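Listed below, chain by chain, are the residues.
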Amino acid sequence: MTLLENTSPLPVYQGEQAEKIVRLRDILAEKFPAMQPKAGGILRTGLAAIDAAEGGLRRAAVTELSTASGLGALFIQAMLGVVCRERCFAALVDGARSFEPVGAEAALARLLVVFCADALQAVKAADLLLRDGNIALIMLDLQAAPPRQLQRIPANTWHRLQRLAEQTTTAVVVLTPEPMVEAAQVRITAGDGWTLAAQRRWQRDLIETARWRVFARRASGRPSPVWEGARESSTA
Amino acid sequence: MFAVILLPNFRLQAALRFREELRVLPVALVDEQAPKAGLLEISEAAARAGVMPGQTSPQALARCAALTILARSLAEERGAQAALIEMGGTLSPEIEATADGFCTVNLRGLRVKDWQALGAGVVTGLASLQLSAQVGIGPNPDLAFLAARHARPVLVVQSPTAFLANLALHELDPAPELLAVLRDWGIHNLAQLTSLPQGDLMDRLGPEAGRLWERAAGRTERPLRIVRAVEEFSEAFDFEHEIDTAEPLLFLLRRFLDQLALRLANACRVAGQIKLTLPLANGGAYERAFTIPSPTASVDVLFRILHTHLDGLRLDHCATGLRLLITPAQAERQQFQLFETPLRDPNRFGETLGRLAALVGEENIGVMEMLDTHRPDSIRLRPPRFHELANAAPPADDLTVGLPLRRYRPPIAAEVRVVKHEPVRLESARVSGAIRAALGPYRASGGWWDSDRWSTEEWDVEMEQRGLYRLARVGHEWRIEGSYDEPPRATRRGAPPLAEIPSPGA
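Overview of the structure.

Let us look at the overall build of chain B. A count of helices and strands for chain B gives 14 helices and 21 strands. Considering chain B as a whole, with its 506 residues, one finds that 33% of them fall into the buried category. The contacts in chain B between residues at least 6 apart in sequence include a share of 58% that link residues at least 24 apart.

Have a look at this one:
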């Protein structure tokens with residue numbers, strides 16, 4: 001496993017530009033004290049690679065899980081195990097009505113399922129759940145949504161979700177087929193491509209042997225994170 | 001001591017309870033079931049304009065052109081009477097619903113120093129429920145009733161003899177014939193009546209005169225017919241016109257809830273369930289019950305639940321009235337567990353569920369439940385009950401084999417070429433190509449004992465160009481039931497904002 005920092009291709013604000021941003025944040029913090037992000041925390045996933053890099057899923061932040069659909073479904077199953085273990089409640093906003101409960105029976109009583117007609121509706125549903133603030137984990141599953149629907153989601157939607165998440169202690173995971181959530185604080189990817197042999201292996205083995213990679217925006221100690229770098233963690 | 005709580009002009013008060021703007025105007029009440037009976041009750045402004053009860057509507061309108069005529073509403077009267085009985089119940093459990101608009105309360109055993117303050121409290125309480133009351137307190141029910149009729153707004157009878165002496169004879173509502181005889185004798189008030197010997201009076205005028213004498217002397221005693229206040233908190237309103245927008249309903253609902261919350265507080269209860277009924281122009285009614293996740297008497301919370309529902313409500317016919325019934329419950333006392341993460345605000349969550357249901361449809365939201373059958377995709381969604389979950393967490397089952405399925409709902413029709421009983425090629429709208437490997441068949445069937453017979457043969461297949469799918473053959477038709485792993489379809493959203501960073505060792 002490796003951990004890298006400060007090597008992001010994202011814009012790095014320096015000098016006068018950075019000072020302006022800091023001043024703007026101070027003004028906003030003074031004018032809108034209620035909008036200050038709450039202390040987040042971590043929701044442990046039980047997945048060694050992810051927990052080693054970040055400690056788990058960041059609460060009060062949007063995490064993007066950008067993988068093939070099989071790994072996305074595996075991740076959902078793994079998180080349902082976390083829901084049972086932590087005795088919390090989760091919501092799965094399913095943008096393509098594709099969730100199959102077989103294998104997750106134990107967690108179903110703690111999982112609110114929202115079947116949506118399309119990806120845009122799914123984003124609206126996630127927005128409502130995030131404003132509610134009662135749910136510890138919201139999984140917005142867009143992996144099975146048609147590409148045309150994903151293209152219609154305005155980019156600023158993700159920034160709004162991130163701003164909403166900052167006011168809560170909810171961990172938000174957006175499952176996408178490829179990276180598209182610009183405001184994500186953490187991005188998780190993994191190696192893909194399963195063969196039929198996977199159908200004869202334990203799910204926990206499949207999850208652990210996936211090549212998870214974690215990219216994170218490093219928090220600057222300021223109310224909201226600054227694009228300063230990224231780090232990678234992967235299991236070989 | 002006994003107290004009588006009297007609501008003068010009760011039927012008119014009930015009709016004007018949620019029509020504040022009409023209270024200072026000339027208003028008269030008619031019974032639409034008995035139109036020939038004339039005006040039932042009139043407001044003070046109407047009386048000043050020369051309108052009198054018993055007049056017909058045209059006669060009254062001839063006297064006062066600005067007169068507003070309202071129809072009597074039994075539902076509104078029931079709500080007002082219930083509020084009256086509940087208020088009586090705050091004083092004593094021994095209440096008699098003597099008649100519409102007044103009740104008698106037995107105050108014996110109550111250690112009260114200031115009866116005037118007690119009565120004033122009742123008047124204030126009923127005023128907050130938009131009801132104007134008069135309270136009379138006396139040593140027996142009849143005296144208390146007479147006191148209530150003369151109260152402005154509270155009258156405590158300390159000396160019955162002095163109080164009764166100045167009352168006119170007709171205050172006791174004697175039979176007209178008896179009243180006429182007594183008036184012929186020059187008897188006009190109760191002091192004059194009680195100065196006559198009771199026995200002689202009975203000898204000449206009969207036992208009714210004896211009873212009248214006893215009432216005039218303030219000596220009557222009668223047991224109360226005790227009623228138990230029914231814990232049914234309801235309010236009703238009938239519109240004069242049909243309503244086709246939500247605003248008037250919301251305006252009234254807010255006022256209903258204000259009133260009902262006060263009544264709930266008086267009874268030390270909270271709302272467990274709300275039932276909303278909208279009588280419709282076609283004679284039908286729209287009904288909807290809302291279970292409050294965490295019973296509360298908070299007006300804001302209850303109103304938000306109703307507001308959220310009405311926001312998304314579309315009816316084929318206009319509403320002609322509004323009924324709101326609250327089923328009370330005991331306030332919850334919840335001890336949070338050390339390792340449990342409960343819903344922080346169950347009512348807010350319930351409200352969010354309502355909004356989600358309005359967005360995606362009620363049938364598309366809930367907690368998933370697997371039906372007791374092996375038939376594929378036999379699931380249903382039921383409303384979540386997170387706040388009622390037992391503290392013990394069920395163990396997570398991590399002994400599952402294989403990749404989880406992403407089900408296609410509905411399944412995708414496919415054409416499958418089978419060679420030597422194995423699928424070798426798949427053609428469909430979603431995926432097509434040669435099949436590299438297949439696992440199966442997995443056969444399942446059920447319902448053979450009744451008409452709901454089903455049978456399926458499932459295959460897990462790996463495509464040559466990548467992708468794992470589940471195929472199913474039902475009869476002679478093939479379909480793709482879902483995917484275990486599917487290659488991503490390009491979204492063309494441009495370059496990703498985060499790029500993978502190669503490790504130093506790479």
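The next subject is the overall build of chain A. Counting secondary structure elements, chain A contains seven helices and nine strands. Each of the 236 residues in chain A was classed as buried or not, and the buried ones make up 53%. The long-range share in chain A, meaning contacts at least 24 apart out of those at least 6 apart in sequence, stands at 71%.

Residues and elements named next belong to chain B. Close contact between helix α13 (residues 299–311) and helix α14 (residues 346–360) brings their axes to 9 Å; oriented N to C, the two are set at 5°. When the interaxial angle is binned, α13 and α14 end up roughly parallel. Mapping the contact onto sequence places V301, R304, I305, T308, H309 and D311 in α13 and N347, G350, E351, G354, R355 and A358 in α14. Looking at the contact of α13 with α14, its residues break down into three nonpolar, five polar and four charged.

All right, on to unusual backbone geometry then. With the exception of glycine, most residues fall at negative phi, and the peptide bonds are largely trans. Cis geometry marks the peptide bond from B:R152 to B:P153; its omega dihedral reads -10°. Examined against the element boundaries, B:P153 turns out to sit in the loop between α6 (141–150) and β8 (154–156). Cis rather than trans, the peptide bond between B:R409 and B:P410 has omega equal to 0°. Residue A:A60 is not a glycine yet carries a positive backbone phi of 60°. A tally of 20 C-beta atoms within 10 Å means that A:A60 is categorised as buried. For A:R87, which is not a glycine, the phi torsion comes out positive at approximately 55°. Structurally, A:R87 is set in the loop between α3 (69–86) and β4 (90–94). Judged by the 18 C-beta atoms lying within 10 Å of it, A:R87 falls in the partly exposed class.

What follows deals with the environment of A:Q185. Relative to the helices and strands, A:Q185 resides in the loop between β7 (171–176) and β8 (186–190). Given 24 C-beta atoms within 10 Å, A:Q185 falls into the buried group.

In this structure, A:A90, A:V93, A:V114, A:L137, A:I138 and A:M139 are the most contacted members of the largest nonpolar core, which totals 106 residues. The element best represented in this core is α3(A), accounting for 11 residues. Both domains that furnish three or more residues to this core are identified here as domain 3 (232–390) and domain 4 (406–485) of chain B. The residues contacting A:A90, other than those within four sequence positions of it, are A:M79, A:V83, A:R110, A:L111, A:I135, A:A136, A:L137 and A:M139. Judged by nonpolar contacts, the second largest core, of 57 residues, contains B:L7, B:V51, B:L84 and B:L131.

In this section: the packing of helix α12 (residues 246–266) of chain B against α13(B). Residue and element names in this part refer to chain B. Running from N to C, α12 and α13 cross one another at 155°; their axes reach a closest spacing of 10 Å. If you check the angle between α12 and α13, you find them roughly antiparallel. Between α12 and α13 lies a crossing whose hand is right-handed. On α13, the residues touching A246, L249, L250, L253, R254, L257, D258 and A261 of α12 are V299, L302, F303, L306, H307 and L310. Of the residues contributing to the contact of α12 with α13, the split by class is 11 nonpolar, one polar and two charged.

What counts and what doesn't
Residues numbered from 1 in each chain as written. Chains lettered and ligands numbered in written order. Predicted model: local features only at pLDDT ≥ 70, side-chain atom pairs only at ≥ 80, totals over all residues. Helix = DSSP H or I, 4+ residues; strand = E, 2+ residues; numbered from the N terminus. Buried ≥ 20, exposed ≤ 12 C-beta atoms within 10 Å, placed from the backbone. Contact = placed C-beta atoms within 7 Å. Axes fitted to C-alpha atoms, helices over the stretch in contact; angles between N-to-C directions. Parallel < 35°, antiparallel > 145°, perpendicular 65-115°, else oblique. Nonpolar A, V, L, I, M, F, W, Y, C, P; charged D, E, K, R; others polar. Core = buried A, V, L, I, M, F, W, Y, C linked by C-beta atoms within 7 Å. Domains from an automatic or database assignment. Left-handed = near helix turned anticlockwise from the far one by under 90°.

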